[in-house]
Amino acid sequence: VDTTPYGMNPYLYSVSPMHRPNLNTSIYYRPDEVVTGRTVNGNNQTLYKAFMPYEVKGIGAGFPIIFSNTLNAQRTQELLDYMQYGHYYDQQTRDLTLQYILYNGKLDLFCIYRLHFQRSYGGA
């Protein structure tokens with residue numbers, strides 16, 4: 001698994017609908033996490049990497065996004081938008097795993113669901 005940071009922070013990307021021009025980037029980013037001079041849609045942009053690798057015990061290194069069951073619908077939509085406009089998944093995405101845990105109070109039982117999506121580049 002390639003664990004090179006990737007994507008772009010949509011809050012700091014000027015053509016993103018999530019753009020927040022008044023954010024102070026120096027408190028969030030080190031110089032090695034910034035890509036300067038990249039041309040996007042004919043404009044010279046400074047891009048800030050959005051997704052950093054993280055190791056999850058039992059799963060390994062990757063780029064997990066964790067949605068808490070305490071999130072309301074608006075915050076959940078914000079996270080989904082961040083993933084979309086930050087290019088969390090794009091043409092280069094080969095694998096995507098969705099894992100969630102459900103609890104059935106009537107049966108007093110936890111269930112772990114794991115869905116794994118894999119793109120084939122062979123045309124099949």
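Residues numbered from 1 in each chain as written. Predicted model: local features only at pLDDT ≥ 70, side-chain atom pairs only at ≥ 80, totals over all residues. Heavy atoms only, no water.

Chemist: What is the right way to read the environment of Q77 from this model?
Modeler: Looking at where Q77 falls in the secondary structure, it is placed in helix 1 (residues 73–85). For the pair formed by Q77 and I112, sequence separation is 35 residues and the distance between their alpha carbons is 23 Å. (Helix = DSSP H or I, 4+ residues; strand = E, 2+ residues; numbered from the N terminus.)

Chemist: For this particular structure, what's the right way to read the packing of aromatic side chains?
Modeler: Working definition: an aromatic ring pair is given by the centre-to-centre distance plus the angle between the planes. What the rule picks out here adds up to 10 aromatic pairs. Between Y6 and F63, the ring centres sit 4.9 Å apart and the planes meet at 85°, which makes this aromatic pair edge-to-face. Taken as a pair, Y6 in the segment before strand 1 (34–40) and F63 in the loop between strand 4 (60–62) and helix 1 lie far apart in primary sequence, 57 residues in all. Y6 sits in the partly exposed class, given a relative accessible area of 26%. Arranged with centres 5.1 Å apart and planes meeting at 50°, the rings of Y29 and Y48 form a pair that is tilted. Of this pair, Y29 sits in the segment before strand 1 while Y48 sits in strand 2 (residues 43–48), and the two are 19 residues apart along the sequence. As far as the burial class goes, Y29 and Y48 line up, both buried. Following the ring pairs from residue to residue traces out a cluster consisting of Y6, Y11, F51, F63, Y82, Y88 and Y89. Over the aromatic face of Y11 sits the side chain of R20, whose NZ or CZ is 4.0 Å from the ring centroid. (Phe/Tyr/Trp six-rings, centres within 6.5 Å; stacked < 30°, edge-to-face > 60°. Buried < 20%, exposed > 50% of the residue type's maximum accessible area, 1.4 Å probe, protein only. Lys NZ or Arg CZ within 6 Å of the ring centre and 35° of its normal.)

Chemist: Sorry if this is basic, but what is going on with helix 1 here?
Modeler: Each α-helix winds once per 3.6 residues, and so residues spaced three or four apart point in a common direction. Its 13 residues give helix 1 an end-to-end C-alpha distance of 18 Å, which sits within 8% of 18 Å, the value for a rise of 1.5 Å per residue. Every buried residue of helix 1 is accounted for by L79, Y82 and M83. Each buried residue of helix 1 sits inside an arc of 95° when the element is viewed along its axis, so together they form one side. Along helix 1, the residues that are exposed and aim more than 90 degrees away from the buried face are A73 and Q74. Backbone nitrogen of Q74 and a side-chain oxygen of the N-cap are separated by 3.2 Å at the start of helix 1; the cap is N72. Count one or two residues on from helix 1 and you reach H87, which has phi positive near 65°. (Expected span 1.5 Å × (residues − 1). Arc of directions from axis to C-beta. Polar contact = N/O pair within 3.5 Å; in protein donor to acceptor, adjacent residues only side chain to side chain.)

These values are about where atoms sit, not about what they do.
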